[in-house]
Amino acid sequence: MVGPQYDLVGNPLGAVRATFERAAEAAAAESGGREPVAAFRGKDWGANEVFRSFLFEQGGLDKVPVLDASNLGLIKPNTLVRFRGMVQDMLGNEYYVGAFKDGSTWRTNKFSDFSPFSIPHPCDSHLWERHLFHCVPVPGQNSWTRESSPGPDVCTMSICLTPEQREKRKRGADNDAMDVSENGNVEASSSSKKPKDDDAHNSNSSPEVSMNKEHIPEMNGVDHHIPGSSFSCLVKVYDMPESQVKLNDVAEFIGVYTFDPELAAPTDNSDDIMFDLIEDVTAQLPPSKVPRLHCLVRRKLSAHDFLSKPPTAEPSPILLKSIRQSLLSHLTLVLGKDELAAQCLLLHLLSRLLNKVDVVTVGRLSLNFTGFNRESASIFGNQINNLIQRLLPYSQAIPLSIEYLNTATLQPRKDNKSGRLITGVLQLPQGTHLTFDETLLQSGSLTSKGVENTMLLKNLMESQMVEYDFEYYKLEMATDIQLLTLSEGKSNILLSDLIVPFRPSCVPGVNASAEELESWRWYLATVRSLPQSTESETYQMIQDEMVSAMRDDRSLGCSELSRWLTMAQIMASSFGENSLSIEHWQMVKELERLRKERLQ
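The rules we used
Along every chain, residues carry numbers that run from 1 in the direction the sequence is written. Where local features are concerned, this predicted model is filtered to residues with pLDDT of at least 70; where side-chain atom pairs are given and counted, the filter is 80 or more; whole-chain, interface and lining totals use all residues. Water and hydrogen atoms play no part in the side-chain values, which are based on all heavy atoms of the structure. Definition used for salt bridges: Asp or Glu carboxyl oxygen within 4 Å of a side-chain nitrogen of Lys or Arg. The helix count covers DSSP runs of H or I at least four residues long, the strand count covers runs of E at least two residues long, and both are numbered beginning at the N terminus. Burial here depends on accessible area, computed with a 1.4 Å probe over protein chains only, as a share of the maximum for the residue type. Under 20% is buried, over 50% is exposed, and the range in between is partly exposed. As used in this record, nonpolar core signifies buried Ala, Val, Leu, Ile, Met, Phe, Trp, Tyr and Cys residues forming a set joined through side-chain atoms within 4.5 Å. Contacts between residues were defined by any pair of non-hydrogen atoms, one from each residue, lying within 4.5 Å. Put simply, the grid is 1 Å and covers the protein atoms alone, a cavity is a trapped set of points that fit a 1.4 Å probe, a pocket is an open set with protein on both sides within 12 Å along at least five of seven lines, and lining residues have an atom within 4 Å of a point. Grid points are joined across faces, edges and corners, and a volume is the space filled by probe spheres set on the points. DSSP bridges decide pairing: two strands pair if at least two such bridges lie between them. With axes taken as lines fitted to C-alpha atoms, and helix axes fitted only over the stretch in contact, angles between N-to-C directions fall between 0 and 180 degrees. Each aromatic pair joins two rings of Phe, Tyr and Trp (for Trp, the six-membered one) with centres within 6.5 Å, and gets the label stacked for planes under 30 degrees apart, edge-to-face for over 60, and tilted for any other angle. For a Lys NZ or an Arg CZ to count as sitting over a ring, it must be within 6 Å of the ring centre and within 35 degrees of the ring normal. Angle categories: roughly parallel below 35 degrees, roughly antiparallel above 145, roughly perpendicular from 65 to 115, and oblique for all the rest. Amino acids are sorted into nonpolar (Ala, Val, Leu, Ile, Met, Phe, Trp, Tyr, Cys and Pro), charged (Asp, Glu, Lys and Arg) and polar (every other residue, Gly among them). Given a helix with a known number of residues, its expected span is that number minus one, times 1.5 Å. Working note: the arc is built from the helix axis to C-beta atom directions.

Student: Hey, could you run me through the pattern of salt bridges in this one?
Tutor: Any two side chains of opposite charge can pair, so long as their charged atoms come close to each other. The tally for this structure, following the rule as stated, stands at 24 salt bridges. The shortest N-O distance in the salt bridge between K236 and D113 comes to 2.6 Å. Here D113 lies in the loop between strand 2 (105-108) and strand 3 (125-136) and K236 lies in strand 4 (residues 233-237), a separation of 123 residues in the sequence. The partner of D338 in a salt bridge is R598, with the nearest N and O atoms 2.8 Å apart. With a gap of 260 residues between them, D338 in the loop between helix 6 (317-334) and helix 7 (339-350) and R598 in helix 14 (residues 582-599) connect regions that are remote in the sequence. You can call D338 buried: its relative accessible area is 1%. If you follow the salt bridges from partner to partner, you end up with E560, R563, E592, R595 and K596 in one network.

Right, dumping it as C-alpha cells:
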C-alpha cells in the first residue's frame with residue numbers, strides 16, 4: 001500500500017510511480033533482472049487497487065472535484081478529478097512509452113502525456129497502448145442529476161490554482177500562437193515545454209484561496225464537432241478490452257487531469273519521445289482547448305447512479321404500488337384530470353427496449369397525444385416537459401416545424417478529413433426521452449435535407465435505430481429512446497404505437513415536493529430495471545383471448561396484439577410484479593376500450 005505521504009487527490013502520479021517502482025523491484029527479484037516490467041503491459045500493478053480503496057472504501061470519492069466548464073480554469077494539472085459525460089467519439093488507440101530504464105531504475109509514464117524524467121537515448125523501454133475517447137456533457141442531461149455527485153468546492157481546495165497562477169497560465173495561452181482552423185488543423189504553434197514539478201506535487205497544508213469565478217479564463221474553446229458545445233474532454237483509458245466502452249455510453253471517469261496551453265503543439269526538434277506519439281491527437285484536440293483525463297477508475301452510469309437519496313428499503317411490490325399511486329395521481333393533475341392519458345403516459349415512461357428481432361422491437365411504447373393546438377401545447381405541453389425534466393436523467397423537447405426539419409442536423413456523420421465524428425441531434429445516450437411538438441407544423445415544402453430528417457425520425461420511431469453517415473457508407477446504430485408526440489390530429493410523420501386523444505377538464509396548477517420527486521425518480525429507475533416474464537398458463541390464456549379478439553375484429557393485426565402484450569407486461573412491472581397476470585391483462589383491455597371510445 002502507499003504510505004500517508006501521498007495525497008491521492010493532489011498528487012495521484014506520486015502514488016502511481018511509487019507502486020510501479022515497488023512492483024518493478026519485486027518483479028526484478030523474481031525474474032533475476034530479465035525484463036521485469038514486461039508483464040505490466042495492459043495490466044495493473046497495484047495502483048488501481050490503491051485508488052479504488054481510497055475512493056469507495058475510505059470515502060474518498062466525495063473529496064474528488066467534478067470537472068466541468070465552470071472550474072476548468074481553476075484546477076491544478078496532474079491532480080485527481082471526476083468527469084461524467086457521454087462517449088461522443090472513439091478515437092482509436094495511442095502508443096506511448098509506458099516504461100523505461102533510467103540507470104538501474106525502471107520508471108513509468110502511465111497516466112501522463114509526458115515523462116517527468118529525461119528518457120535516455122538509447123535505453124530499455126516498452127511501448128504500451130491506451131484507448132482514446134472524446135467525451136462531452138450528456139446531451140439533454142437534466143439539472144437535478146448533478147445533485148447526486150456534487151463534489152467539493154474547488155475554490156476551497158489546495159488543488160485550486162491561485163489568481164497569480166491562473167493569470168500566468170492565461171498569459172501563456174495568449175502568447176501561444178496556435179489557432180485551430182474549421183477543419184481542426186493546427187495553423188501555427190509555439191514551442192512545447194514540460195510542466196514544472198511543483199505543479200504536479202501539492203500539499204494538503206496549502207492555504208485556502210478565495211476565488212472570483214467571474215474571472216475564470218475560458219480554457220475550453222468551442223468544438224466545431226459539437227454544435228453549441230463549450231466543453232469536452234479527451235479521456236485516455238488504460239488496460240481495457242476493446243468492447244468495454246461503447247459509443248454513446250454515459251460513464252464516470254476518475255483520473256489524472258492534465259491541461260496545459262504550453263503543451264499545445266510540440267516542435268519538430270523536441271527531444272521527448274512521448275510527443276512524437278501523441279502529435280496526431282494534439283493537432284485535432286489541442287491541450288490548450290481540450291483537457292485530458294488519464295482514467296484510473298471508470299464506471300458506466302445508469303439512472304440509479306443519478307439518485308441523490310435513494311430509498312433504503314427493498315423495492316417490494318407494496319412499496320412500489322404505493323409510489324405508483326402517488327405518481328399516477330400527480331400525472332392526472334398535470335394532465336388536467338385526464339385519467340386515461342395519465343395511465344398511458346405512465347406506461348410510456350416505464351417502457352424500454354427489451355429485444356429486437358429483425359425489424360420488430362419488443363418493449364417500446366411510443367405515445368401520441370392528439371387534440372393539441374398551439375395554445376394547449378403552451379400550457380399542458382410545457383407542464384409535461386417540465387415534469388419529465390424533473391423525473392428523467394435525460395430529456396429534450398423538439399419543436400417540429402418545417403423550418404426545423406429543413407435546417408436541423410439530426411444525423412451524426414464522420415468527417416474523414418479530420419477523422420472525427422460530427423455529432424447530430426439524434427446522437428443520444430440510451431434512455432433519453434424526446435418530446436416532439438407538432439402543433440408548430442404548417443403547410444410548406446421540405447427540402448432534400450428536410451426529407452432526409454423526416455426519414456431519420458420515422459426510422460427511429462419504427463425500429464429504434466439511428467443512421468450514421470460515414471460518407472462512403474451508412475451504418476445503423478441501435479438505441480433506446482422514449483418518444484412522445486403532441487399533435488392536433490394523428491401524426492403523419494411520427495407513427496406512434498399508442499394514439500390517445502387528450503381530454504383535459506381543468507388547467508393544471510400543481511407542484512411536487514422534493515421528497516416526492518426523489519421517490520418517483522427511484523420508482524421509474526427501479527421499475528424499468530425489473531425483469532419481466534409470463535407464466536405458461538397465463539400466456540396460454542392471453543393467447544386464446546388474442547385469437548378470439550382477432551375473430552371478432554378482422555382489423556386487428558399482429559402489431560396491435562403485440563402492443564397489448566407489451567402494455568400488459570409494463571402494467572405488471574408498474575405494480576412491482578415480475579410476472580404478468582390475468583388481472584394486469586384485463587386492466588390493459590379496459591384501457592384499450594376507453595381509448596377506442598375516444599377515437600370514434
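Here the narrative resumes.
Student: I keep staring at the nonpolar core and nothing clicks. Help me out?
Tutor: Taken as a class, soluble globular proteins show a tendency for nonpolar side chains to be buried jointly. Core analysis: the largest hydrophobic core is formed by 66 residues, its most contacted members being F369 and Y523. Top contributing element to this core by residue count: helix 7, with nine residues. If we ignore the near neighbours within four places in the chain, the residues touching F369 are L335, A341, L345, I384, L484, T485, L486, S487 and V500. By size, the runner-up hydrophobic cluster in this structure holds 31 residues, among which are L61, V64, L80 and M157.

Student: Help me understand the layout of surface pockets in this model?
Tutor: There is about 830 Å³ of room inside the largest pocket. As for the largest pocket, its lining consists of 35 residues, and the residues nearest its centre are L301, S302, Q430, G431 and D480. Among the elements of the structure, strand 14 (465-469), strand 15 (474-478) and helix 11 (514-528) are those that each provide at least two residues to the lining of the largest pocket. At four residues, helix 11 tops the list of elements feeding residues into the lining of the largest pocket.

Student: Looking at this model, I keep getting lost on the sheet that holds strand 17 (residues 498-501). Mind explaining?
Tutor: Consider a sheet: its strands pair through backbone hydrogen bonds, and that pairing is either parallel or antiparallel. On the basis of which strands lie adjacent, the open sheet formed by five strands has the order 10-13-16-9-17 and parallel pairing. Each of the sheet's edge strands pairs with one partner strand only, and the pair in question is strand 10 (395-399) and strand 17. If you compare each strand with its neighbour and ignore which way they point, the axes differ by 15° on average. When strand 9 (residues 367-370) meets strand 16 (residues 482-486), the two strands line up parallel, connected through three bridges. For L367, the partnering residue across the bridge sits in strand 16 and is L484.

Student: Can you help me understand the packing of aromatic side chains in this one?
Tutor: Two measures describe an aromatic ring pair: the distance that separates the ring centres and the angle between the ring planes. Counting across every chain of the model gives 15 aromatic pairs. Consider the rings of F372 and F502, whose centres lie 4.9 Å apart with planes at 5°: the pair is stacked. Of the two residues, F372 sits in the loop between strand 9 and helix 8 (374-391) while F502 sits in the loop between strand 17 and helix 11, which places them 130 residues apart along the sequence. Here the aromatic cluster, defined as three or more aromatic residues joined through ring pairs, consists of F20, F40, W45, Y96, F111, W128 and Y238. When the ring centre of Y96 is taken as origin, the NZ or CZ atom of R130, which lies over that ring, is 4.2 Å away. Stacked on the ring of F575, the Lys or Arg R324 has its end atom at 4.0 Å from the ring centre.

Student: Would you explain the packing of helix 7 against helix 13 (residues 558-574) in this entry?
Tutor: A pair of packed helices is captured by two measures, namely the crossing angle of their axes and the spacing between those axes. Where helix 7 meets helix 13, the axes come as close as 10 Å, and the angle between the chain directions of the two elements is 90°. Relative to helix 13, helix 7 is oriented roughly perpendicular. Where helix 7 abuts helix 13, its residues Q343, L347 and L350 lie against M567, I570, M571 and S574. Residues of the contact of helix 7 with helix 13, tallied by class, amount to five nonpolar, two polar and no charged.

Student: I would appreciate a short explanation of helix 12 (residues 536-552) in the present structure.
Tutor: Side chains that are three or four residues apart share a direction in an α-helix, a result of its 3.6 residues per turn. Along its 17 residues, helix 12 runs 25 Å from first to last C-alpha, staying within 8% of the 24 Å computed at 1.5 Å per residue. By the burial criterion, the buried members of helix 12 are T538, I542, M546 and A549. Looking down the long axis of helix 12, one finds its buried residues gathered within 75° of arc, a one-sided arrangement. Exposed residues lying more than 90 degrees from the buried face of helix 12 are S536, E537 and R551. Along its buried surface, helix 12 packs onto strand 18 (533-534), helix 13, strand 19 (579-580) and helix 14.

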